[in-house]
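Observations on the model geometry
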Amino acid sequence: MTRKTQLHQRIAYFESLRGLGATSIVLYHLGGDTVFIDNNLVNNGWMMLDFFFILSGCVISFAFLPQMDRPGGVVHFLWGRFLRVYPLHIVMLLVFVGLELVKYAGTQYAGIAADTPAFAENNLNSFLHNVFLTNVLMLDHMTWNKPSWSVAAEFWAYGLFALAAYALRGHRPLFLGVCALIAAGAFAYLTQHTMDSAYGMARCLWGFFLGVLLAALLDSGRVRLSVPMLHVICICVAAILLTGPWPHDHGWSVLFTSVYFMLLLALFASPEDTVVKRVLSHPFLVRLGTVSFGIYLIHSAVWWVLAQAARVVVKLVPGLVQPGQDALESALVSNVLLLIGLPLIYLLAELSYRWFEKPIYDLRFRQPRWVAELDRRAEAQVTPPQPPA
């Protein structure tokens, strides 16, 4: 079996984990008072971002590191990453501009009170930072489409990965050493802070380059795990996720990243034909992972709209909640929002992927001539001209 075939098979069950992880974040951000949301598994959903970072570093290293030895390969990689994450990011940013206008109209013309005044935090300054993906570098709080900070962080990690890989091409041990230093530095920084989004860039660098190192470890072929060991690790991971809830606001919270490192190591290094991998390879779960980026970026807007609609309904029908109780503090309202919102988020993510994300991402195959020219010139500099016979 070729490396490409193995990676394709692995991506199937990793896609499923990505979809399940995105769903847990969706539930985590709804935060309603119902047993389907207020439980340890969902309350530990903040860890799923670290899973995404590690998985991204691992899969990207497997898929793209071999092409980082030429300028065209670097350009193609960064262009492809840009096409994958930026268009939907901008669309959702504009959606939130619309929602902010709705909030402004509601407060000015309908007398509806808002917890945060329109365009107070979501202002022109934060808008520009979101446009240029500098929000994770320059802002210490989340603005506009709140999950987008991780998109910005990961794009900067892509650039650092490409820069290091190209600069140290042909020196793999040195490249891995630099990746280890980046990961170690980010880890040390996080132990003195928290896993809050204010330290999101360090959090991303720690997870992403830990994933790069995981890919190198697996690529060496020195790690092999048995099926029973896979099951033991899965049980341990499940036990951690189902207990707690574990806090994200301590320096030692960074240690929870090891949970997903071990899970990915076990899945990569164990035999393919296992019950766990067969379950994760179910077509529905795989498709959920395929559209997970849309799930992640769209869900915040859906929850905002539904939450505001629920508050209006509660005002019209006061008996739905106790006096002084917010709509989302009602189990009934929370369950209704979940029943309506989760399928709606899945549907919008599917439509977004099918009609918007994928067509744009497919443009990466249209490589401009100047990219090929970069490779030709680089090869000419490396290969000296042959003397005439």
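Let me begin by describing the structure that accompanies this report.

So, how was this worked out
All chains use their own residue numbering, which begins from 1 and follows the written sequence. Owing to the predicted nature of the model, reporting of local features is limited to residues with pLDDT of at least 70; listing and counting of side-chain atom pairs is limited to 80 or more, with chain, interface and lining totals taken over all residues. The basis for the side-chain values is all heavy atoms of the structure; hydrogens and waters are excluded. Here a strand is any run of E in DSSP of at least two residues, a helix any run of H or I of at least four, and the numbering for each starts at the N terminus. In this scheme, a residue with accessible area under 20% of its type's maximum is buried, one over 50% is exposed, and one in between is partly exposed, where area comes from a 1.4 Å probe on protein chains only. Contact definition: two residues touch when any of their heavy atoms are within 4.5 Å. Here the accessible surface of atoms and residues is derived via Shrake-Rupley with a 1.4 Å probe, and residues count as covered only by protein chains that are part of the display. Here, the term nonpolar core denotes a set of buried Ala, Val, Leu, Ile, Met, Phe, Trp, Tyr and Cys residues that are joined through side-chain atoms within 4.5 Å. Geometry of aromatic contacts follows a simple scheme: Phe, Tyr and Trp rings, the Trp one being its six-membered ring, pair when their centres are within 6.5 Å, and the pair is stacked under 30 degrees between planes, edge-to-face over 60, tilted otherwise. Both a distance and an angle decide whether a charge sits over a ring: NZ of Lys or CZ of Arg must be within 6 Å of the ring centre and within 35 degrees of the ring normal. Exposure above 30% relative accessible area and the lack of any salt bridge qualify a residue for a patch; like charges then connect within 9 Å, and the nonpolar side chains Val, Leu, Ile, Met, Phe, Trp and Tyr within 5 Å. Take a side-chain nitrogen of Lys or Arg and a carboxyl oxygen of Asp or Glu: if they are within 4 Å of each other, that pair is a salt bridge. Two N or O atoms count as a polar contact when they lie within 3.5 Å, although within protein this holds only if one can serve as hydrogen donor and the other as acceptor, and sequence-adjacent residues are included solely when both atoms are side-chain atoms. For the purposes of this analysis, a disulfide is any pair of cysteine sulfur atoms at a distance within 2.5 Å. For the charge count, each Lys or Arg is scored as positive and each Asp or Glu as negative, with His and the chain ends excluded. Fitting a line to C-alpha atoms yields each axis, with helices limited to the stretch in contact; the angle taken between N-to-C directions then spans 0 to 180 degrees. It is the rotation of the near helix from the far one that decides the hand of a crossing: anticlockwise by less than a right angle makes it left-handed, clockwise makes it right-handed. Residues are grouped as follows: Ala, Val, Leu, Ile, Met, Phe, Trp, Tyr, Cys and Pro are nonpolar; Asp, Glu, Lys and Arg are charged; every other residue, Gly included, is polar.

Quick look at the overall build of the protein chain
Helix and strand counts for the protein chain stand at 16 helices and zero strands. Per-residue burial for the protein chain yields a buried fraction of 49% across its 389 residues. Across the protein chain, the fraction of contacts at a sequence separation of at least 24, relative to all contacts at a separation of at least 6, is 75%. Of the roughly 19,400 Å² of accessible surface on the protein chain, 67% is carried by carbon and sulfur atoms.

Details of the nonpolar core
Side chains of nonpolar character tend, in soluble globular proteins, to be buried together. Residues Met68, Phe161, Phe175 and Phe209 are the most contacted members of the largest nonpolar core, which totals 114 residues. If near-sequence neighbours (up to four positions away) are discounted, phenylalanine 209 is found in contact with Ala157, Leu160, Phe161, Cys179, Ile182 and Ala183.

Notes on the packing of aromatic side chains
Going through the model one piece at a time under the given rule, you end up with 24 aromatic pairs. Aromatic side chains phenylalanine 64 and phenylalanine 77 sit 5.1 Å apart centroid to centroid with 55 degrees between the ring planes, which places their arrangement in the tilted category. A residue pair is termed long-range when its members are at least 10 positions apart, and phenylalanine 64 in helix α3 (residues 48–64) and phenylalanine 77 in helix α4 (residues 71–109) qualify at 13 residues. Ring pairing ties together the aromatic residues Phe64, Phe77, Trp79, Phe82, Tyr86, Phe155, Tyr158, Phe161, Phe175, Phe208 and Phe209, which thus form one cluster. The side chain of arginine 84 reaches across the aromatic face of tyrosine 361, ending 5.9 Å from its centre.

Points about the environment of glycine 207
Position of glycine 207 among the secondary structure elements: in helix α9 (residues 200–219). Separated by 24 residues in the primary sequence, glycine 207 and alanine 183 place their C-alpha atoms 7.4 Å from one another. Non-local contacts of glycine 207, meaning those with residues more than four positions away in its chain, are made with Phe53 and Ile54.

Side note on the environment of leucine 205
Within the secondary structure layout, leucine 205 lies in helix α9. In this structure, the C-alpha to C-alpha distance between leucine 205 and isoleucine 182, residues 23 residues apart in sequence, is 7.0 Å. Not counting residues up to four positions away in its chain, the partners in contact with leucine 205 are Ala157, Leu160, Ile182, Ala183, Ala186 and Leu210.

Section: a nonpolar patch on the surface
A cluster of nonpolar side chains, contributed by Val312, Val313, Leu316, Val317, Leu320, Leu332, Val336, Leu339 and Ile340, occupies part of the molecular surface with about 810 Å² of accessible area. Those elements that provide at least two residues to the nonpolar patch are α14 (292–316) and α15 (331–361). The element that contributes the greatest number of residues to the nonpolar patch is α15, accounting for four residues. Take leucine 332: it is sitting in helix α15.

Re the environment of arginine 287
On the secondary structure map, arginine 287 appears in helix α13 (residues 283–290). Distance in space between the C-alpha atoms of arginine 287 and glutamate 15 is 7.6 Å, their sequence separation being 272 residues. Among all residues touching arginine 287, those that are not within four sequence positions of it are Glu350 and Tyr353. Here glutamate 350 takes part through its side chain, which lies 2.8 Å from a polar atom of the side chain of arginine 287.

Observations regarding the state of the cysteines
The full count for this structure, using the stated rule, is zero disulfides. The thiol of cysteine 234 is not disulfide-bonded; the next cysteine sulfur, from cysteine 236, is found 9.4 Å away. The class for cysteine 236 is partly exposed, based on a relative accessible area of 44%.

Topic: unusual backbone geometry
Backbone geometry follows two general trends: most residues other than glycine have a negative phi, and most peptide bonds adopt the trans configuration. Its identity is not glycine, yet leucine 133 carries a phi of approximately 60 degrees, on the positive side. Secondary-structure assignment places leucine 133 in the loop between α5 (124–131) and α6 (135–138). Not every positive phi belongs to a glycine, and tryptophan 144 is a case in point at roughly 50 degrees. For tryptophan 144, the position within the fold is in the loop between α6 and α7 (148–167).

Things to note about the pattern of salt bridges
Going through the model one piece at a time under the given rule, you end up with ten salt bridges. For arginine 203, the salt bridge identified is with aspartate 50, shortest N-O distance 3.0 Å. Here arginine 203 is found in helix α9, whereas its partner aspartate 50 is found in helix α3, with 153 residues between them in sequence. Each member of the pair, arginine 203 as well as aspartate 50, is classed as buried.

As for the side chain of glutamate 154
Tracing the chain through its elements places glutamate 154 in helix α7. Salt bridges are absent for the buried glutamate 154, whose nearest opposite-charge side chain, arginine 81, sits at 6.1 Å. If near-sequence neighbours (up to four positions away) are discounted, glutamate 154 is found in contact with Phe53, Ser56 and Cys204.

Comments concerning the packing of helix α8 (residues 172–191) against α9
As a packed pair, α8 and α9 sit with axes 8 Å apart at the nearest point and diverge in direction by 145 degrees. Relative to α9, the crossing made by α8 is left-handed. Together, Arg172, Phe175, Leu176, Cys179, Ala180, Ile182, Ala183, Ala186, Phe187, Tyr189 and Leu190 of α8 and Ala202, Arg203, Leu205, Trp206, Phe209, Leu210, Val212, Leu213, Ala216 and Asp219 of α9 make up the contact between the two elements. When grouped by side-chain class, the residues that make up the contact of α8 with α9 number 18 nonpolar, no polar and three charged.

Some words on the side chain of threonine 290
For threonine 290, the position within the fold is in helix α13. Classification of threonine 290 by relative accessible area gives buried; the value is 16%. One polar contact links threonine 290 to glutamate 15, side chain to side chain, over a distance of 3.5 Å. Each residue touching threonine 290, except ones within four places of it in the same chain, is listed here: Glu15, Arg84 and Tyr353.

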